[in-house]
Amino acid sequence: MSIKENLSSILSTLPESVTLVAVSKTKPISDLQQVYDEGQRIFGENRVQEMTEKWENMPKDIEWHMIGHLQRNKVKYMAEYVSLVHGVDSPRLLAEINKQAEKYNRTISCLLQVHIAEEDTKFGFDEDELLALVENEEFKAYKHVKIVGLMGMATFTDDMNQVRREFKSLKSLYTKLENTYPNFTILSMGMSGDYKIALEEGSTMVRIGSSIFGTRK
Ligand SMILES: *Cc1c(COP(=O)(O)O)cnc(C)c1O
């Protein structure tokens with residue numbers, strides 16, 4: 001199937017309330033442009049330099065999401081334009097995003113990454129760290145970051161019961177916080193291999209790459 005056909009078949013399975021992030025990492029601009037021409041305006045990348053090159057060379061009405069693990073020293077290169085950072089996994093990173101966003105007089109929306117995978121290779125906060133962060137007065141005072149929800153990645157496994165369990169735990173944490181924090185509107189969970197389960201478990205934003213653009217090298 002073509003990229004265009006892949007996109008429309010994915011879109012046909014998403015409820016209207018769910019946002020699609022087209023994950024275009026490693027793919028050439030000509031591929032992104034095909035998806036753009038179909039009306040897609042949200043793209044996800046996991047490397048700052050690659051994202052910045054694409055931002056410079058593509059239409060300016062695209063929203064760029066940083067979905068990967070982010071090093072603090074790279075934040076300055078995307079602070080001018082990035083619209084959502086999915087993988088905030090430390091207080092120091094949040095502080096740096098606040099500092100760099102201030103230089104552009106912007107407020108950057110961020111998702112806190114939660115460690116939900118039972119395997120321990122993935123980044124993110126555990127529940128206690130997360131609660132401590134959102135209640136921290138210093139962080140609440142930041143004017144240039146806005147925490148708008150949570151992001152998580154399930155274990156890479158064929159065991160779909162495990163994946164479902166992990167998504168359920170993220171959703172239940174999200175529900176707790178959503179009641180206290182009115183800014184919480186986004187629950188980013190689900191990729192090509194597991195987004196259908198993520199939708200069943202309450203995802204509001206899916207990050208899909210290979211099912212749209214084909215496999216990556
Ligand atoms: C690459 C990536 C995706 C998309 O993965 P696919 O399996 O290609 O859909 C989603 N989220 C994150 C954080 C990624 O790095």
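Since the structure is predicted, the reported quantities are computational estimates derived from the model, not experimental observations.

Visitor: Explain the nonpolar core here, please?
Guide: A general tendency of soluble globular proteins is for nonpolar side chains to be buried together. Counting residues in each nonpolar core, the largest one holds 63 residues, and the members touching the most others are Ile-97, Leu-150 and Ile-212. Per-element accounting of this core gives the leading share, six residues, to helix 7 (residues 160-180). Beyond its immediate stretch of four places on either side in the chain, Leu-150 contacts Leu-111, Leu-112, Val-114, Leu-130, Leu-170, Leu-173, Tyr-174, Leu-177, Phe-184, Ile-186, Leu-187 and Ser-188. Grouped together as the second largest cluster of nonpolar side chains are 10 residues, Val-23, Leu-111, Met-151 and Met-205 included.

Visitor: How do you make sense of unusual backbone geometry when you look at a structure like this?
Guide: One non-glycine residue, Thr-26, adopts positive backbone phi at about 70°. Its place among the elements puts Thr-26 in the loop between strand 1 (19-23) and helix 2 (29-37). Phi is positive for Asn-105, which is not a glycine, with a value near 55°. Secondary-structure assignment places Asn-105 in the loop between helix 4 (91-103) and strand 5 (108-114).

Visitor: Looking at this structure, I do not really get helix 4. What am I missing?
Guide: Every α-helical turn comprises 3.6 residues, leaving residues that sit three or four positions apart pointing alike. Taking 1.5 Å of rise per residue, the 13 residues of helix 4 would be expected to cover 18 Å, and the 19 Å separating its terminal C-alpha atoms lies within 8% of that figure. Inspection of helix 4 places Leu-93, Leu-94, Glu-96, Ile-97, Asn-98, Gln-100 and Ala-101 among the buried residues, and these make up the whole buried set. Packing partners of the buried residues in helix 4 comprise strand 4 (84-88), strand 5, helix 5 (127-134), helix 6 (137-140) and strand 6 (145-152).

Visitor: I tried to follow the packing of helix 5 against helix 7 on my own but got confused; where do I start?
Guide: Packed helices, taken two at a time, are described by the angle between their axes plus the distance between the axes. At their nearest, the axes of helix 5 and helix 7 sit 12 Å apart, and the two run at 20° to each other. Overall, the two elements helix 5 and helix 7 adopt an arrangement that is roughly parallel. Handedness of the helix 5/helix 7 crossing: right-handed. Side by side, helix 5 and helix 7 meet where Glu-127, Leu-130, Leu-131 and Val-134 of the first sit next to Leu-173, Lys-176 and Leu-177 of the second.

Visitor: Explain the pairing of strand 2 (residues 42-45) here, please?
Guide: Remark: a regular strand shows side chains that alternate across the two faces of the sheet. Neither face of strand 2 is open: one carries Ile-42 and Gly-44, the other Phe-43 and Glu-45, and all of them are buried. Pairing analysis gives two bridges linking strand 1 to strand 2, with the strands arranged parallel. Within strand 2, the position partnered with Ala-22 by the bridge is Phe-43. The parallel pair strand 1 and strand 2 is bridged by helix 2, and the resulting crossover is right-handed. Examined bridge by bridge, strand 2 and strand 3 (residues 63-66) share four bridges and lie parallel to one another. Each bridged residue has a counterpart across the sheet, and for Ile-42 the counterpart in strand 3 is Glu-63.

Visitor: Is there a simple way to explain the UniProt feature "modified residue: N6-(pyridoxal phosphate)lysine" (unreviewed entry) in the chain in this structure?
Guide: As recorded in UniProt, the sites labelled "modified residue: N6-(pyridoxal phosphate)lysine" (unreviewed entry) are Lys-25. Mapped onto the secondary structure, Lys-25 falls in the loop between strand 1 and helix 2. Discounting chain neighbours no more than four positions away, the residues touching Lys-25 are Gly-44, Glu-45, Asn-46, Glu-50, Lys-54 and Arg-216.

Visitor: I'm lost on the pattern of salt bridges in this one. Help?
Guide: Close approach of charged atoms lets side chains of opposite charge pair. Applying the stated rule across the entire model yields 11 salt bridges. For the salt bridge of Lys-54 with Glu-45, the shortest nitrogen-to-oxygen distance reads 2.8 Å. For Lys-54, a relative accessible area of 5% gives the class buried. Judged by relative accessible area, Glu-45 falls into the buried class, the value being 0%. One continuous salt-bridge network, built from bridges that share partners, spans Glu-45, Arg-47, Glu-50 and Lys-54.

Conventions and cut-offs
Residues numbered from 1 in each chain as written. Predicted model: local features only at pLDDT ≥ 70, side-chain atom pairs only at ≥ 80, totals over all residues. Heavy atoms only, no water. Core = buried A, V, L, I, M, F, W, Y, C linked by side-chain atoms within 4.5 Å. Buried < 20%, exposed > 50% of the residue type's maximum accessible area, 1.4 Å probe, protein only. Helix = DSSP H or I, 4+ residues; strand = E, 2+ residues; numbered from the N terminus. Contact = heavy atoms within 4.5 Å. Expected span 1.5 Å × (residues − 1). Axes fitted to C-alpha atoms, helices over the stretch in contact; angles between N-to-C directions. Parallel < 35°, antiparallel > 145°, perpendicular 65-115°, else oblique. Left-handed = near helix turned anticlockwise from the far one by under 90°. Pairing = 2+ DSSP bridges. Right-handed = clockwise from strand over helix to strand, strands pointing away. UniProt positions renumbered as here; feature names shortened; annotations may be inferred. Salt bridge = Lys/Arg side-chain N within 4 Å of Asp/Glu carboxyl O.

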